[in-house]
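# Residue-level structural notes
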Amino acid sequence: MKALVYEGPGSKEWKDVPKPQILESTDVIVKVTKTTICGTDLHILKGDVPETKPGTILGHEGIGIVEEAGPAVKNFKAGDEVIISCVTSCGRCEYCKEGMYSHCEDGGWILGHLIDGTQAEYVRIPYGDNSLYHVPKGVDTDALVMLSDILPTGFEIGVKSGGVKPGDVVAIVGAGPIGISALLTSQFYSPAEIIMIDMDENRLKEAKTFGATHVINSRTEDPVKRIFELTENKGVDVAMEAVGIPATFDICQSILKPGGSLANIGVHGSPVELQAQKLWIQNIKITMGLVNTNTTPLLLKTVVSDKIQPEKLITHHFTFDEIIDAYDVFGNAAKEKALKVIISRD
Ligand SMILES: NC(=O)c1ccc[n+]([C@@H]2O[C@H](COP(=O)([O-])OP(=O)(O)OC[C@H]3O[C@@H](n4cnc5c(N)ncnc54)[C@H](O)[C@@H]3O)[C@@H](O)[C@H]2O)c1
Ligand SMILES: [Zn+2]
Ligand SMILES: [Zn+2]
């Protein structure tokens, strides 16, 4: 089969590799029909994730058709259409029992990281019963690809951790796929205002179509000053960080009103300076974490009932043999006006 193989920092190839086989009785082999690229794949390619060894097939998102299910798999059989979760969970360990699948003792985020991933014609999914979801009938399958990673991430680590409530003023720093997912799923709770901050004018324009009430370009305006102007000098109830750098964490810790929550979603590669001397007296709550994907069934229902339309995040379509072009477009997202790409079998 063909797959997109990480060949070491700065290098990747779409090439022939052996088709995956069932290794454990709980494994499922999925014939991938649609996959996508995540910012994390770009981090791996840059060499920022040394745990990912050269020779690993990239990708942790996608949908497909069950090719073969191991003898211990109960919920899936050959021919079933499935959504692949970016997080693998055994369902039995201490963390899985608490719904903290991201820390599964025999799983977590391993696809396209520690084991071969979904940017391939076939993928082996360990613990298929817990790590796959059935595709419901009559739903846009492009939309379902957004359930592998970005929607649960924005919802769990941004919206739920931040505790968005009706009437809240929410600020989201970063209007990439994750920030937009947080924007979409914040609206389940009817916040009064959602302010999006980014430096990319096109993404801010997109954010408005997804329900942002205000947008701030932090390249041309001071976002902190502008937020206090917009909130009668009060600040926001919830600030979500969806970039992963000190500058955007700083914006978040500067705009909260007393009792507010800072929900950090971004993956940080360097320390941030916590303004504890200012924040302690304001009763601020700070959360952060790795997505668990334990909300995937809930989010799936909201997509089926058309409460959210995550397919609108998709800006480009490619076929498997154009995957290198897909990386070029996604890697130059600002220039190409890209948010999420879909790579399909045909
Ligand atoms: N916690 C988790 O489980 C989890 C899961 C997936 C992704 N993530 C992380 O979420 C973050 C966002 O992911 P994404 O795919 O949306 O990334 P992305 O790179 O597509 O989007 C980031 C956005 O931030 C904007 N930006 C960059 N610097 C800025 C600045 N100084 N001020 C304002 N805006 C700025 C960019 O223009 C871009 O639109 C990343 O750090 C990613 O690694 C976390
Ligand atoms: Zn991802
Ligand atoms: Zn587990």
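Preceding this paragraph is the structure being described.
A brief look at the structure comes next. Worth saying up front: this structure is predicted, and the values here are computed from it rather than measured.

### Examining the sheet that holds strand β9 (residues 193-198)
- Read across the sheet, six strands follow the order β10-β9-β8-β11-β12-β13 without closing on themselves; strand pairing throughout is parallel. Where the open sheet ends on each side, the last strands, each with one partner, are β10 (214-217) and β13 (285-288). For this sheet, the mean inter-axis angle between neighbouring strands, taken without regard to orientation, is 15°.
- Inspection of the sheet shows strand β12 (residues 256-264) paired to β13 by four bridges, in the parallel sense. Its bridge partner being in β13, S261 is matched across the sheet by K285.
- Docked against the sheet, helix α5 (residues 150-162) engages β11 (236-241), β12 and β13, running at close to 160° with respect to β12.

### Structural notes on the coordination of the zinc ion (ligand 3)
- Protein ligation of the zinc ion (ligand 3) involves C90 (SG), C93 (SG), C96 (SG) and C104 (SG), the donor distances falling in the range 2.3 to 2.4 Å.
- Each of the four donor atoms bound to the zinc ion (ligand 3) contributes to angles spanning 102 to 119°, and the resulting shape is tetrahedral.
- Written as a sequence motif, the donor arrangement for the zinc ion (ligand 3) is C-x2-C-x2-C-x7-C. Accessibility classification places C93 together with C96 in one group, the buried group.

### Side note on the site of ligand 1
- Neighbouring ligand 1 are 21 residues; D198, R203, V243, G289 and V291 lie closest to it.
- One nitrogen or oxygen atom from the main chain of V243 is found 2.7 Å from an oxygen atom belonging to ligand 1.
- Here an oxygen atom of ligand 1 sits 2.8 Å away from a polar atom, N or O, in the main chain of V291.
- For ligand 1, whose unbound accessible area comes to 870 Å², protein coverage reaches 82%.
- Per-class residue counts for the shell around ligand 1 are 10 nonpolar, seven polar and four charged.

### Quick notes on the coordination of the zinc ion (ligand 2)
- Coordination sphere of the zinc ion (ligand 2), protein contribution only: C38 (SG), H60 (NE2) and D149 (OD), at 1.7 to 2.2 Å.
- Overall, the relative accessible area of 7% leaves D149 in the buried class.

### Thoughts on the layout of surface pockets
- When its volume is computed, the second largest pocket comes out at roughly 190 Å³.
- Residue lining of the second largest pocket: 16 residues in total, with P18, P20, I57, D116 and R124 positioned closest to the centre.
- Sorting elements by how many residues they give to the lining of the second largest pocket places strand β6 (residues 122-125) first, with three residues.
- Of the residues that constitute the lining of the second largest pocket, the class distribution is 10 nonpolar, three polar and three charged.

### Some points on the packing of aromatic side chains
- Scanning all chains against the criterion turns up three aromatic pairs.
- Pairing W14 with F320 gives two aromatic rings, centres 5.6 Å apart and planes at 40°, and the pair type is tilted. Of this pair, W14 sits in strand β2 (residues 12-16) while F320 sits in the loop between β14 (314-319) and α12 (323-331), placing them 306 residues apart in sequence. In this structure, W14 and F320 share a single accessibility class: buried.

### A short note on the pattern of salt bridges
- Counting across every chain of the model gives 14 salt bridges.
- Put simply, K15 and E7 hold a salt bridge, and the shortest N to O gap is 2.9 Å.
- Exposure remark for E7: the relative accessible area of 30% places this residue in the partly exposed category.
- One salt bridge in this structure joins E61 and K340, with 3.1 Å as the shortest N-O distance. Remark: K340 occurs in strand β15 (residues 340-344) and E61 occurs in the loop between α1 (39-46) and β4 (62-69); sequence separation between them is 279 residues.
- The class of K340 is buried, set by a relative accessible area of 1%.
- Several salt bridges share partner residues, and in doing so they unite E221, K225, R226 and E229 into one network.

Scoring rules and cut-offs
Residues numbered from 1 in each chain as written. Chains lettered and ligands numbered in written order. Predicted model: local features only at pLDDT ≥ 70, side-chain atom pairs only at ≥ 80, totals over all residues. Heavy atoms only, no water. Pairing = 2+ DSSP bridges. Helix = DSSP H or I, 4+ residues; strand = E, 2+ residues; numbered from the N terminus. Axes fitted to C-alpha atoms, helices over the stretch in contact; angles between N-to-C directions. Contact = heavy atoms within 4.5 Å. Donors = N, O, S within 2.8 Å, 3.2 Å for Na, K, Ca; no water. Tetrahedral: all angles 85-135°; square planar, octahedral: opposite > 155°, others 65-115°. Buried < 20%, exposed > 50% of the residue type's maximum accessible area, 1.4 Å probe, protein only. Near = heavy atom within 4 Å. Polar contact = N/O pair within 3.5 Å; in protein donor to acceptor, adjacent residues only side chain to side chain. Areas by Shrake-Rupley, 256 points an atom, 1.4 Å probe, with all protein chains shown as cover. Nonpolar A, V, L, I, M, F, W, Y, C, P; charged D, E, K, R; others polar. 1 Å grid on protein atoms, 1.4 Å probe; cavity = no way out; pocket = protein on both sides within 12 Å on 5 of 7 lines; lining within 4 Å. Points joined across faces, edges and corners; volume = space filled by probe spheres on them. Phe/Tyr/Trp six-rings, centres within 6.5 Å; stacked < 30°, edge-to-face > 60°. Salt bridge = Lys/Arg side-chain N within 4 Å of Asp/Glu carboxyl O.

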